[in-house]
Amino acid sequence: MKLISRRNVLKSAAAASTLPLLGKSAFAMDPVKVAFVYLGPIGDHGWTFAHEQGRQAAIAKFGDAISTTIVENVAEGPDSERVIRRLAEEGNDLIFTCSFGYMNPTLKVAKRFNDVKFEHATGYKRAPNMSTYNARFHEGRAICGTIAGHMSETGTAGYIASFPIPEVVMGINAFTLAAQKVNPDFKTNVLWVNSWYDPPKEADAATALIDQGADIITQHTDSPAALRVCEERDLLAFGQSWDMTSFAPKAHLTAIMDIWGPYYIDRIQKVMDKKWESADTWWGFKEGIVALAPYNERIPANVVAEAEAIKAGIIDGSYDVFTGPIKDQSGEVRLAEGTLSDGDLLSMDWYVEGVQS
Amino acid sequence: MLIELEKRKEPSQTMLYLTPVIAVLATMIVGGILFTLIGHNGFAAVKEIFITPIIDTHKWQDLGIKAAPLILIAVGLSIGFRANVWNIGAEGQYIVGGLAGTGIALLTWELEGWWILPLMCIAGAIGGALYASIPAFLKTKLNVNEILSSLMLTYASIQLLYYLMRGPWKDPEGFNFPQTRLFNDSQILPEIIPGTIVHLGVPLAFIIAIIAWFVMSKSIFGFQIRVVGSAPAAARYGGFSAKRTIWMAMLIGGGFAGLAGIFEAAGPFQQMVPQFPTGYGFTAIIVAFLGRLHPIGIILGGLVLAVSYVGGEIAQTSLGLPNAAAGIFQAMMLFFLLATDILVKYRLKLNVANQAGDAS
Amino acid sequence: MNDTIIISIIMTVIGASTPILLAALGELIVEKSGVLNLGIEGMMLIGAVVGFAVTLTTGFHVLGIVIAMLASTLSAMLFAYLTLTLTANQVATGLALTIFGIGISSLMGEPYVGKTIEIFSSWFPASLAEHPQLRVIFGYSPLVYLSLILTVSVSYFLKKTRAGLILRAVGESDTSAHSIGYSVIGVRYAAVAFGGAMAGLAGCYFSLVLTPLWSEELTAGRGWIALALVVFAAWKPSRLLFGAYLFGAIMTLELHAKAAGFSFIAPELLAAMPYLATIVVLALISLRKSSGLAAPACLAKPFKPST
């Protein structure tokens, strides 16, 4: 009964918004209703936490002009479809679904609710009312790789990875290539945990990788478990999606931070201005959606300087980590010269030399 | 003792029907209090979880979809439970059934035709039944406890699912994400109420439950099951083979669970994913008990548990309650049912007489 | 492979085995008394969340562990009351306890996601606990040493004490034990309580040692492995120790093999091994009935005294 009356309110609001054309005094617009579907808990201090910061940024900018809803811990699969559908039924105007695995469910709901706009993070399927968005995390990986190349004593990194999808693969490759520019013999040992968020498994993976010789750990999974292991063992690590220094003050060198605020604000503004269109957005350092957490004090000044120089190079376009020649694991040359295109990156299913996958 | 339990002359029919109702009501009250103690709004939680799904007509389609697999699996299990065959591995049989049907779908993904879907469903039922035949064999040949064997097989089947999802059955065009292709239009259970997501599997589950009711109450087979369960010695005298009963019970339980598996894969999921094991095989055990092992009771019990699932999701979006909260209520319903169960066989008696010399 | 790696692997294996050893020791006693408690996973989670919460609030691991054990024992008592006094079906009640434990731990754990604590690490001085070679003996959390002490104690209890004999009698032939004058129900209550306490202890290992974090379903199904372990060990504590380390090695091997680059055995097959091995053992036990390896005769059957 609550739902039905809310829909009526929306209908009358739509009707009311035409009245100003008749010369009456402008009615206050009903707030734009925005919803967010989160894979994990906000407390993960990582992926989901970063999206939540994005939402907070939007609230800070728009205040009462928007009203937001969040749903945490939504498992990928049909359950997510029910949650997304319910959010659409509840009258939300714009729904952000923040994980790759929501792709098909979002598309299904988008087909049923043509008036609602959907934004799917890190996917590749679109519709007239469904956009996709992603961030050039691999730019951040290049910086982490550079630091790893300098700081690792064994020359081997452990990489805790979730699923071998292109986004993860390009991250591994970017990290390794950057490290190899500092130390040509650098190796990256990858362990797949088949989950985005599984703290016990991530901790086990970190331990296994360390036992096999890695002294610096990075990850494409969402919890700080691996950082805790590294802190305990006096080793080095990188955070994921947000500054995770509080979990490992000694071990945490830096982290790639996902700053979704600017994108969310941009899209919400477009909905308000009625200029929203289905799009595919892939921003990076330049547009401000990728950033780095503060550098740990133990990183030498020259390494910090190099990292900053690379970041500047990425922003002004003079540096691309995927610059040829690049060989793959079998030794074959995949890129003789030049750089890889976006299309090459988005379908990447091969690893560079030095990666043990 | 002031309050004593006195055995009734015969089990109370009233209590048989009343206790599930008492269990649900008690769960709502105690659950609400528990949630309030933990710091949430207990009253709102109970309302969103139990009341809203019933009064919000938009949610009825979700109730049907959630209840269908629970009812189907529970009916199959109840036949076994009545015969004292404790198939706890329904979740594994559900998974294997889903996988079997998916296998057919992957083999025929480039084809179309009306025959594909029924073939998938038959494969699902057979797959589940075959998986259940392992504990059946172990029990009849080696007297291995079927509770333990069927339970262990469940966790083995989950690993099988993961292996197939990450390897041979991965969608070649899925960018390496562990899931199969989406099923094509010939392989999806059709929507039977336009505009809703109610798929063919839903009414089929209810129909199968009703057919099971007839079979169990009117046929020799049904009679045989009940006698083997309640009076094994008499059953032997009557010529009912215990081994055959065990086989039938496990195969039926496995077959129904496997069918429920392929219905879920071809209905709500429309592909196979690692998140497929949703625990219906275990929740169905609660449904079977709540429904007193009777198909009609199971239909009602299945709907009640569906309410708790759908309500849990509603509470997730409107109150921010974790999804797992629904599990608390489900478990409480079973606890209360099991606790009040004793009132069927025993009566509460107040001892007002003096207690000196009381020989209890 | 140098000795650092070997030592690291040994320590990881022992770490992985300890929680299932603890939980299995508890369930062993429970099943020896004739009761089947399928609620191990739920009780472990309750122990894990309470242990984490108390340790986070007070800063004392030991206090957290004690209160966690109390909480899990309480949940076990709920199971005991339903199955022993009200003679409810043990399988259904145990499953309900697991579902309940998963749910209530999620709910209670919500405010603690994203918080971390100090790991409950070795009580030996750092010179021993972090020594490159000696750490293989001195570097473990106190819970590991406790698990070994408990294994020895439980074994001694069952074989050499009168109370252990009574427990076994109650599990093998409850009517006989009853006619001699022992309280079958009372013994079973005590056994279930012990099982609950041990499950809670095992849960604490996850949230205080393995990952000093809380997340939903932290125990990731280890409760079911503990259940399998009791059967695999044919209800004998000495075999339990061996089995726990075997299962722990299998679980650790899964990741280490991948890390080392060996992938000739599918990791999923390795993960399924404990369960498949248990089924094989079940079959073998039944084939060799005379060797004294068998389930307690009264397992999962309610006790109905004919008064």
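Residues numbered from 1 in each chain as written. Chains lettered and ligands numbered in written order. Predicted model: local features only at pLDDT ≥ 70, side-chain atom pairs only at ≥ 80, totals over all residues. Heavy atoms only, no water.

S.K.: Quick question: what am I supposed to make of the overall build of chain B here?
M.R.: For chain B, the helix and strand inventory stands at 13 helices and two strands. Its C-alpha radius of gyration of 22 Å places chain B within 12% of the 21 Å reference for a compact globule of 360 residues. Its C-alpha atoms give chain B principal-axis dimensions of about 80 × 60 × 35 Å. Per-residue burial for chain B yields a buried fraction of 60% across its 360 residues. If you take every contact in chain B between residues at least 6 apart in sequence, the share linking residues at least 24 apart comes to 77%. Total accessible area on chain B stands at roughly 14,600 Å², and carbon and sulfur atoms take up 68% of it. In chain B, 21 positive and 18 negative side-chain charges are present, and the distance between their average locations comes to 15 Å. (Helix = DSSP H or I, 4+ residues; strand = E, 2+ residues; numbered from the N terminus. Rg over C-alpha atoms; globule rule 2.2 N^0.38 Å. Buried < 20%, exposed > 50% of the residue type's maximum accessible area, 1.4 Å probe, protein only. Contact = heavy atoms within 4.5 Å. Areas by Shrake-Rupley, 256 points an atom, 1.4 Å probe, with all protein chains shown as cover. Lys, Arg positive; Asp, Glu negative; His and termini not counted. Charge placed at Lys NZ, Arg CZ, Asp CG, Glu CD.)

S.K.: Help me understand the overall build of chain C in this model?
M.R.: A tally of regular secondary structure across chain C gives 13 helices and zero strands. The order of helices and strands in chain C, counted from the N terminus, is α-α-α-α-α-α-α-α-α-α-α-α-α. Relative to its length of 307 residues, chain C is compact, with a C-alpha radius of gyration of 20 Å against a globular reference of 19 Å. When its C-alpha atoms are laid out on the principal axes, chain C stretches across 65 × 45 × 35 Å. Relative to its full complement of 307 residues, chain C shows a buried share of 59%. Within chain C, residue pairs in contact and separated by at least 24 positions form 77% of the contacts whose partners lie at least 6 positions apart. Carbon and sulfur atoms make up 70% of the accessible area of chain C, which amounts to about 11,500 Å² in all.

S.K.: Hey, could you run me through the interface of chain C and chain A in this one?
M.R.: Much of the literature gives interface size as the accessible area that the parts lose upon coming together. Each side of the interface is counted separately: chain C has 26 residues, and chain A has 27 residues. For the pairing of chain C and chain A, the buried interface totals around 2,100 Å² over both sides, and the portion due to carbon and sulfur atoms is 60%. Looking only at chain C, the three residues that lose the most surface to chain A are Leu213(C), Leu255(C) and Ala259(C), adding up to 24% of its buried area. Counting across the chain C and chain A interface gives zero salt bridges. Counting across the interface, chain C meets chain A through six residue pairs in polar contact (both at pLDDT 80 or more). Contributing elements (two or more residues each) for the side of chain C that touches chain A: helix H1 (3-32) and helix H12 (237-260) of chain C. By residue number, the principal contributor to the side of chain C that touches chain A is H12(C), which donates five residues. Residues that form the side of chain C that touches chain A fall into these classes: 12 nonpolar, nine polar and five charged. (Buried area = accessible area lost by both parts, 1.4 Å probe. Salt bridge = Lys/Arg side-chain N within 4 Å of Asp/Glu carboxyl O. Polar contact = N/O pair within 3.5 Å; in protein donor to acceptor, adjacent residues only side chain to side chain. Nonpolar A, V, L, I, M, F, W, Y, C, P; charged D, E, K, R; others polar.)

S.K.: Is there a simple way to think about the side chain of Thr245(B) in this case?
M.R.: Residue and element names in this part refer to chain B. Relative to the helices and strands, threonine 245 resides in helix H10 (residues 242-269). Residue threonine 245 is classed as buried on the basis of its relative accessible area of 1%. Those residues in contact with threonine 245 that lie beyond four places of it in its chain are Ala83, Gln224, Ile225 and Val228.

S.K.: Where do I start with the confidence of the model for chain B in this structure?
M.R.: Atom-level detail of predicted coordinates should not be read off regions where pLDDT is low. Residue and element names in this part refer to chain B. In the predicted model, chain B carries a mean pLDDT of 87, and the fraction of residues at 70 or more is 97%. Per-element confidence in chain B is highest for helix H4 (residues 90-107), whose mean pLDDT is 95, and lowest for strand E1 (residues 3-7), whose mean pLDDT is 74. Scored below 50 in pLDDT, residues 355-360 shows five contacts in the model against residues more than four places distant or in partner chains. (pLDDT = per-residue confidence, 0-100.)

S.K.: Got a minute to help me understand helix H13 (residues 267-287) of chain C in this structure?
M.R.: Three- or four-residue spacings in an α-helix give side chains the same orientation, since the helix completes a turn every 3.6 residues. For H13(C), built from 21 residues, the straight-helix expectation of 30 Å at 1.5 Å per residue is met to within 8% by its first-to-last C-alpha distance of 30 Å. Met273(C) marks the point of greatest bend in H13(C), at about 45°, and the proline Pro274(C) comes within the next four residues. (Expected span 1.5 Å × (residues − 1). Bend = angle between axes of the 7 residues up to and from the residue.)

S.K.: How should the sheet that holds strand E1 (residues 32-37) of chain A be read in this particular structure?
M.R.: Pairing between the strands of a sheet comes from backbone hydrogen bonds, and it takes one of two forms, parallel or antiparallel. All names here are of chain A. Taken together, the six strands give an open sheet; going across it, the order is E2-E1-E3-E4-E5-E11, and neighbouring strands pair in parallel fashion. The outermost strands of the open sheet, each flanked by one partner alone, are strand E2 (66-71) and strand E11 (280-283). Each strand of the sheet is rotated relative to its neighbour by a mean of 20°, with strand direction disregarded. Sheet analysis places E1 next to strand E3 (residues 94-97), joined by four bridges and oriented parallel. Note that in E3 the partner of alanine 35 across the bridge is isoleucine 95. (Pairing = 2+ DSSP bridges. Axes fitted to C-alpha atoms, helices over the stretch in contact; angles between N-to-C directions.)

S.K.: Looking at this structure, how should I read the nonpolar core?
M.R.: Among soluble globular proteins, nonpolar side chains are generally buried collectively. Judged by nonpolar contacts, the single largest core of 202 residues is most densely connected at Ile73(B), Met120(B) and Phe289(B). With sequence-adjacent residues up to four places away left out, Met120(B) is seen in contact with Gly101(B), Ile104(B), Ala105(B), Phe183(B), Gln187(B), Ile262(B) and Ala266(B). In this structure, Phe100(A), Phe137(A), Ile256(A) and Ile310(A) belong to the second largest nonpolar core, which totals 102 residues. (Core = buried A, V, L, I, M, F, W, Y, C linked by side-chain atoms within 4.5 Å.)

S.K.: Help me understand the sheet that holds strand E7 (residues 187-192) of chain A, please; the structure alone is not making it clear to me.
M.R.: Residue and element names in this part refer to chain A. Pairing within the open sheet is mixed, and its seven strands lie in the order E12-E10-E9-E8-E6-E7-E15. Each edge of the open sheet carries a strand with a single partner, namely strand E12 (290-292) and strand E15 (355-356). Across the sheet, helix H5 (residues 137-151) is in contact with strand E6 (156-161), strand E8 (216-219), strand E9 (236-241), strand E10 (252-258) and E12; its angle to E10 comes to roughly 175°.

S.K.: I tried to follow the pattern of salt bridges on my own but got confused; where do I start?
M.R.: When charged atoms on two side chains of opposite charge get close, those side chains can pair. Enumeration over the complete set of coordinates arrives at 23 salt bridges over all chains. The partner of Lys270(A) in a salt bridge is Asp266(A), with the nearest N and O atoms 3.1 Å apart. In this pair, Lys270(A) and Asp266(A) both sit in helix H9 (residues 261-272), four residues apart, roughly one turn of the helix. The exposure class assigned to Lys270(A) is partly exposed, which follows from its relative accessible area of 29%. By relative accessible area, which is 25% here, Asp266(A) ends up partly exposed. Where Lys139(B) meets Glu146(B), a salt bridge forms, and the shortest distance between an N and an O atom there is 3.0 Å. Taking relative accessible area as the criterion, Glu146(B) reaches 4% and is therefore assigned buried. Through salt bridges with shared partners, a single network forms among Asp79(A), Arg82(A), Lys66(B) and Glu313(B).

S.K.: Got a minute to help me understand the interface of chain C and chain B in this structure?
M.R.: Taken together, the 41 residues of chain C in the interface contact 41 residues of chain B. Around 3,600 Å² of area is buried between chain C and chain B when both sides are counted, 84% of it from carbon and sulfur atoms. Of all residues in chain C, Ile99(C), Leu107(C) and Glu268(C) bury the most surface against chain B, accounting for 18% of the area lost on that side. For the interface between chain C and chain B, the tally reads one salt bridge.

S.K.: Can you walk me through unusual backbone geometry in this structure?
M.R.: Most peptide bonds take the trans form, and the phi angle of most residues other than glycine is negative. All names here are of chain A. Here the bond from glycine 324 into proline 325 is cis, since omega is 0°, no more than 30 degrees from zero. Considering the arrangement of structural elements, one finds proline 325 in the loop between helix H10 (301-316) and strand E13 (326-327). The phi dihedral of asparagine 73 is positive, around 55°, even though this residue is not glycine. With respect to the secondary-structure elements, asparagine 73 resides in the loop between E2 and helix H3 (78-89). Although it is not a glycine, aspartate 234 adopts a positive phi angle of roughly 65°.

S.K.: How should the pairing of strand E5 (residues 130-135) of chain A be read in this particular structure?
M.R.: Two faces belong to every sheet, and in a regular strand the side chains alternate between them. Residue and element names in this part refer to chain A. With six of six residues buried, E5 lies mostly within the body of the structure. Taking every second residue as pointing to the same face, both faces of E5 are buried, with Met130, Thr132 and Asn134 on one and Ser131, Tyr133 and Ala135 on the other. Looking at chain direction, E5 and E11 are connected through four bridges and run parallel. What sits directly across from tyrosine 133, in E11, is threonine 281.

S.K.: What should I look at first to understand a nonpolar patch on the surface in this one?
M.R.: All names here are of chain B. Together, Ile192, Ile193, Leu200, Leu204, Ile207, Ile211 and Val215 make up an exposed nonpolar region whose accessible area comes to about 530 Å². Mapped onto the elements, isoleucine 193 comes out in the loop between helix H6 (146-166) and helix H7 (201-218). Relative accessible area serves as the criterion here: at 42%, isoleucine 193 is assigned to the partly exposed category. (Patch = residues over 30% accessible without salt bridge, like charges linked within 9 Å, V, L, I, M, F, W, Y side chains within 5 Å.)

S.K.: What's the story with helix H8 (residues 225-233) of chain A in this structure? I'm lost.
M.R.: Residues and elements named next belong to chain A. Burial analysis of H8 places seven of its nine residues in the buried class, which makes it a mostly covered element. Turning to H8, its buried residues number three or more, namely Ala225, Ala226, Leu227, Arg228, Val229, Cys230 and Glu231. In this fold, the buried residues of H8 make contact with E6, helix H7 (199-211), E8, E9 and E10. Looking one or two residues beyond H8, the residue adopting positive phi is aspartate 234, at roughly 65°.

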